[in-house]
Amino acid sequence: MLTYILRRLALMVLVLWGVTLGAFLISHALPSDPAAAAMGNNAREEQLADFRERNGLNKPLATQYVIYMGQLLRGDMGTSLRTQSGIVSDLRAFFPATLELTLVAVVFALLIGLPLGVIAALWQGRPPDLLARTFALLGGATPVYWLAILALTLFHERLGWLPGPGRLDVYSLPPPTHTGLVLIDSLLAHDTAVFWDGLRHLILPALVLGAYSAALLTRMTRSALLEVLSQDYIRTARSKGLTPSRVLGKHAVRNAALPVLTVLGSLFGSLLTGAVLTETIFSWPGIGGYATTSAISLDFPAVMGVTLIAGLAYSVVNLLVDLAYGFFDPRISFS
Amino acid sequence: MTAALTSESGTGSAVWRRFRRNSGAMIGLVLLVALLLIAVLGPFFVGSPSAQDLAARLSPPSSTHLLGTDQLGRDVLTRVVSGSRISLGIGVSVMLASLLVGSAAGLIAGLLGGWWDEVIMRVTDVFLAFPSLILAMAISAALGPSLTNVMIAVALVSWPTYARLIRAQVLALREREFVEAARALGSSQSRVAFRHLLPNSLAPLLVQGSFDVGNAILTAAGLGFIGFGAQPPTPEWGAMVSETRNYIAQAPWASSAPALAILITVLAFNLLGDGLRDVFDPRKGV
């Protein structure tokens, strides 16, 4: 087990190094001028030259990469060309908002997708199945930004049931930052009013972001469970006289968990893509919005920082998913 | 091609029979044929997508403007129909480009093995760990927002799936008798690849391909929505939703029509992909 984890960690370092190299090559080999983007169209040539000199943009590509990697190994991702502040501190400020949104979206996706998939499998071919499959099909094809616009218009503007964009009301005082997650920080500060405000602000964006994942989870849970339910050991369990709920809970769900787990791991990528679009519409101060603004202003060090953090998160999530396989299926050995 | 499908999933007519019995797949196919007809013939029957009638801005659907007009008085139906060419074009081009690059990489990795396999697989690992939309945004921003750059960007993040798929197929097929027989008869590496391995991998490629056209359309429309894709006044569906989003309360048709067009197109490709998977692998048709 330990050897497996160590081998995977070594592989993860290799992949992340590849991500830095890929991001660096793409961002530096493309014909664009970050200096002009940062200084504006009216900047004089000497101002641009000074900017390039200050930010090391006039050095050879290989030298720039060696400098970048040297900084990175010391935990420094460089300075944002746009905000002129450290990228690590920028990411520390923006990442928690995305993390909180994504985690709540995953919770919503699990709460909706798993039961719907189970219901669809148990009532295969009947109205509940049809409804669940329709949801799965529509959820997988609806543009997340349109869903976000519709949700905001209906539940915020028309019905007034839920608050609009942002993490908190303008009148709410943000809790002292410990984790950067509003829900946890407000609980740590014993501030229930801010907790509820934060939670109400999270509902719409997290539901919108989680919709695609919920749809995919419904599909996967349904098909995995149907596959398991047709196995001989389920027939044996039934013929032994076990109650349907015991057959489902003890035998079927656990065995159907592996394919669902695989999907959960791969969903992470689509959640991040969705987060970029959802954050744009809900004015959510996360790394999605940060990445968009950075890309527009050709702030490549910042884009590389976001790419690296996203790559790291993706690799960690997939490692955890692989390790979880062993929990659900003890036959899997990590040798 | 028929021979390949025959050996893996039944005769051609049996495959078609199974496909016809699959209602989802048939709905997908009919929708796709309709969309293709609209994309190919539609623009000949509607006017210019940029024609403005400021007096009729934000008009609701009527007999003159079947899907209403947008904030500049442009006919929404005309723009949606013209946009179908763009979106389908992006989806199919991206899929073909990723399929070509990915299949070549997968074939090399699977056939040559050793270091080739190791290096190519690690490169796919790296690309899979890349946040696709952010990578696409960076490329579009640096090269300048345009449709071509969107296609390059989306293809760049889509090819690894095909590489892995083909590699897995090659590894599974290369020990089979018919491949060994071809080798024993003196077939060259490339003949084995193109005459035997690739045709027998067609079924999973078709399934993945149809899902990927839908995915590419969604990603490209997402890029268009945040301003990295086609620029106004190009009637790209994602950009159209973005341009009209502030008018959703007064004129919901203006942003809903292109959004529904994206939804229906992606739905059609997903239904087709689902159907093809069930048809080629009946065990999964649960």
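What counts as what
Residues numbered from 1 in each chain as written. Chains lettered and ligands numbered in written order. Predicted model: local features only at pLDDT ≥ 70, side-chain atom pairs only at ≥ 80, totals over all residues. Heavy atoms only, no water. Helix = DSSP H or I, 4+ residues; strand = E, 2+ residues; numbered from the N terminus. Contact = heavy atoms within 4.5 Å. Areas by Shrake-Rupley, 256 points an atom, 1.4 Å probe, with all protein chains shown as cover. Lys, Arg positive; Asp, Glu negative; His and termini not counted. Charge placed at Lys NZ, Arg CZ, Asp CG, Glu CD. Expected span 1.5 Å × (residues − 1). Bend = angle between axes of the 7 residues up to and from the residue. Phe/Tyr/Trp six-rings, centres within 6.5 Å; stacked < 30°, edge-to-face > 60°. Buried < 20%, exposed > 50% of the residue type's maximum accessible area, 1.4 Å probe, protein only. Buried area = accessible area lost by both parts, 1.4 Å probe. Polar contact = N/O pair within 3.5 Å; in protein donor to acceptor, adjacent residues only side chain to side chain. Nonpolar A, V, L, I, M, F, W, Y, C, P; charged D, E, K, R; others polar. pLDDT = per-residue confidence, 0-100. Axes fitted to C-alpha atoms, helices over the stretch in contact; angles between N-to-C directions. Parallel < 35°, antiparallel > 145°, perpendicular 65-115°, else oblique. Left-handed = near helix turned anticlockwise from the far one by under 90°. Core = buried A, V, L, I, M, F, W, Y, C linked by side-chain atoms within 4.5 Å. Salt bridge = Lys/Arg side-chain N within 4 Å of Asp/Glu carboxyl O. Patch = residues over 30% accessible without salt bridge, like charges linked within 9 Å, V, L, I, M, F, W, Y side chains within 5 Å.

S.K.: In this structure, what is going on with the overall build of chain A? I would like to understand it.
M.R.: Summing up its helical and strand segments, chain A has 13 helices and 0 strands in all. Secondary structure of chain A in N-to-C order comes out as α-α-α-α-α-α-α-α-α-α-α-α-α. Considering only contacts within chain A whose residues lie at least 6 apart along the sequence, 72% involve residues at least 24 apart. In the form shown here, chain A has an accessible surface area of approximately 16,500 Å², with 66% of it arising from carbon and sulfur atoms. Each charge class in chain A was averaged separately, 23 positive and 20 negative side chains, and the resulting centres sit 14 Å apart.

S.K.: Whenever I open this one, helix H5 (residues 87-122) of chain A confuses me. Can you help?
M.R.: Given 3.6 residues per turn, any residue in an α-helix points the same way as the ones three and four places further on. The end-to-end C-alpha separation of H5 of chain A is 50 Å, in line with the 52 Å expected for 36 residues at 1.5 Å each. Phe94 of chain A marks the point of greatest bend in H5 of chain A, at about 30 degrees, and the proline Pro96 of chain A comes within the next four residues.

S.K.: Is there a simple way to explain the packing of aromatic side chains in this structure?
M.R.: By convention here, two paired aromatic rings are described through the distance between centres and the angle between planes. Counted by the stated rule, this structure contains 9 aromatic pairs over all chains. Considering the side-chain rings of Tyr145 of chain A and Phe225 of chain B, the 4.3 Å spacing of their centres and the 20 degrees angle between planes classify their relative orientation as stacked. In this pair, Tyr145 of chain A is assigned in helix H7 (residues 144-158) and Phe225 of chain B in helix H10 (residues 202-225), connecting two distinct chains. Overall, Phe225 of chain B belongs to the buried group, its relative accessible area being 3%.

S.K.: I tried to follow the interface of chain A and chain B on my own but got confused; where do I start?
M.R.: Accessible area lost during the coming together of the parts is what is often quoted as the interface size. Across the contact, 48 residues belong to chain A and 44 residues belong to chain B. The largest share of the area that chain A buries against chain B comes from Ala141, Tyr145 and Trp146 of chain A, three residues that together contribute 16% of it. Linking chain A to chain B there are 2 residue pairs in polar contact (both at pLDDT 80 or more). Looking at side-chain class alone, the side of chain A that touches chain B contains 31 nonpolar, 14 polar and 3 charged residues.

S.K.: Can you walk me through the confidence of the model for chain B in this structure?
M.R.: Low-pLDDT stretches of the model should not have their predicted coordinates read in fine detail. Residue and element names in this part refer to chain B. Confidence in the prediction for chain B averages 86 pLDDT; 94% of positions are at 70 or higher. In the model of chain B, helix H1 (residues 2-9) stands out as the element of lowest mean pLDDT, 47, in contrast to helix H4 (residues 76-112), which has the highest, 93. Segment residues 1-7: pLDDT under 50, and 9 contacts once partners within four positions in sequence are set aside and those in other chains are kept. Interface predicted TM-score (ipTM) for the complex: 0.84; the corresponding pTM is 0.86.

S.K.: Mind showing me how you'd approach the packing of helix H1 (residues 2-29) of chain A against helix H13 (residues 300-328) of chain A here?
M.R.: In a pair of packed helices, the angle between the axes and the distance between the axes together describe the arrangement. All names here are of chain A. With their axes 10 Å apart at the nearest point, H1 and H13 run at an angle of 155 degrees to one another. Accordingly, the angle class assigned to the pair H1 and H13 is roughly antiparallel. For the pair H1 and H13, the crossing hand works out as right-handed. Facing Tyr4, Ile5, Arg8, Leu9, Met12, Leu16, Val19, Thr20, Ala23, Phe24, Ser27 and His28 of H1, the residues of H13 in contact are Phe300, Met304, Thr307, Leu308, Gly311, Leu312, Ser315, Val316, Asn318, Leu319, Asp322 and Leu323.

S.K.: Sorry, what's going on with the nonpolar core here?
M.R.: Generally speaking, soluble globular proteins have nonpolar side chains that are buried together. Counting 120 residues, the largest nonpolar core has Tyr145 of chain A together with Met137 of chain B as its most contacted members. Broken down by element, the residue count for this core peaks at 16 residues, all from helix H12 (residues 252-280) of chain B. Excluding residues that lie within four positions of it along the chain, Met137 of chain B makes contacts with Val276, Ala291, Thr292 and Ala295 of chain A together with Leu223, Ile226 and Phe228 of chain B. Residues Ala224, Val247, Leu248 and Leu267 of chain A belong to the second largest nonpolar core, which totals 19 residues.

S.K.: I'm lost on the environment of Ala10 of chain A in this one. Help?
M.R.: Residues and elements named next belong to chain A. Note on placement: Ala10 falls in helix H1. By relative accessible area, which is 47% here, Ala10 ends up partly exposed. Taking C-alpha positions, Ala10 is 46 Å from Leu162, a pair spaced 152 residues apart along the chain.

S.K.: Sorry, what's going on with the side chain of Glu236 of chain B here?
M.R.: Residues and elements named next belong to chain B. Inspection of the secondary structure assignment puts Glu236 in the loop between H10 and helix H11 (237-244). Within the buried set, Glu236 has no salt-bridge partner at all; the shortest N-O distance to an opposite charge, 9.1 Å, is to Arg79. Among the polar contacts made by the side chain of Glu236, one reaches the main-chain amide nitrogen of Ala239 at a distance of 2.9 Å. In contact with Glu236, not counting residues within four places along its chain, are Ile86, Ser87, Leu147, Ala220, Ala221, Gly224 and Ala230.

S.K.: Whenever I open this one, a nonpolar patch on the surface confuses me. Can you help?
M.R.: Where nonpolar side chains cluster on the molecular surface, the patch consists of Val33, Leu37, Val40, Leu41, Phe44 and Phe45 of chain B and spans about 660 Å² of accessible area. Assignment of secondary structure puts Phe44 of chain B in helix H3 (residues 23-45).

S.K.: Explanation requested: the packing of H5 of chain A against helix H9 (residues 192-229) of chain A in the structure shown.
M.R.: Residues and elements named next belong to chain A. Relative orientation of the contacting elements H5 and H9 amounts to 35 degrees, with a least axis distance of 5 Å. Pair H5 / H9 crosses with right-handed handedness. The residue inventory of the contact of H5 with H9, partitioned by class, reads 24 nonpolar, 7 polar and 2 charged.

S.K.: How do you make sense of the pattern of salt bridges when you look at a structure like this?
M.R.: It is possible for side chains bearing opposite charge to pair when their charged atoms get close. Residues and elements named next belong to chain B. Applying the stated criterion to the full structure yields 14 salt bridges over all chains. The salt bridge involving Asp70 is made with Arg79; its shortest N-O contact spans 3.9 Å. Arg79 shares its class with Asp70; the two are buried. A salt bridge links Glu243 to Arg74, with the shortest nitrogen-to-oxygen separation between them at 2.9 Å. Here Glu243, found in helix H11, pairs with Arg74, found in the loop between H3 and H4; they are 169 residues apart in sequence, far enough to count as distant. Overall, the relative accessible area of 21% leaves Glu243 in the partly exposed class. Assessed through its relative accessible area of 2%, Arg74 is described here as buried. Through salt bridges that share partners, Asp70, Arg74, Arg79 and Glu243 make up one connected network.

S.K.: Would you explain the side chain of Thr69 of chain B in this entry?
M.R.: All names here are of chain B. Within the secondary structure layout, Thr69 lies in the loop between H3 and H4. Engagement of the side chain of Thr69 in a polar contact is seen with the backbone oxygen of Ala56, the distance being 2.6 Å. Contact partners of Thr69, with chain neighbours within four places excluded, come to Ala56, Arg57, Leu58, Ser59, Arg74, Asp75, Val76, Trp253 and Ala254.

S.K.: Which parts of the structure should I look at to understand the environment of Leu205 of chain B?
M.R.: All names here are of chain B. On the secondary structure map, Leu205 appears in helix H10. On the basis of relative accessibility, which here comes to 7%, the residue Leu205 falls in the buried class. Leu205 sits 39 residues away from Ile166 along the chain, and the two C-alpha atoms are 8.0 Å apart. The residues contacting Leu205, other than those within four sequence positions of it, are Ser103, Tyr162, Leu165 and Ile166.

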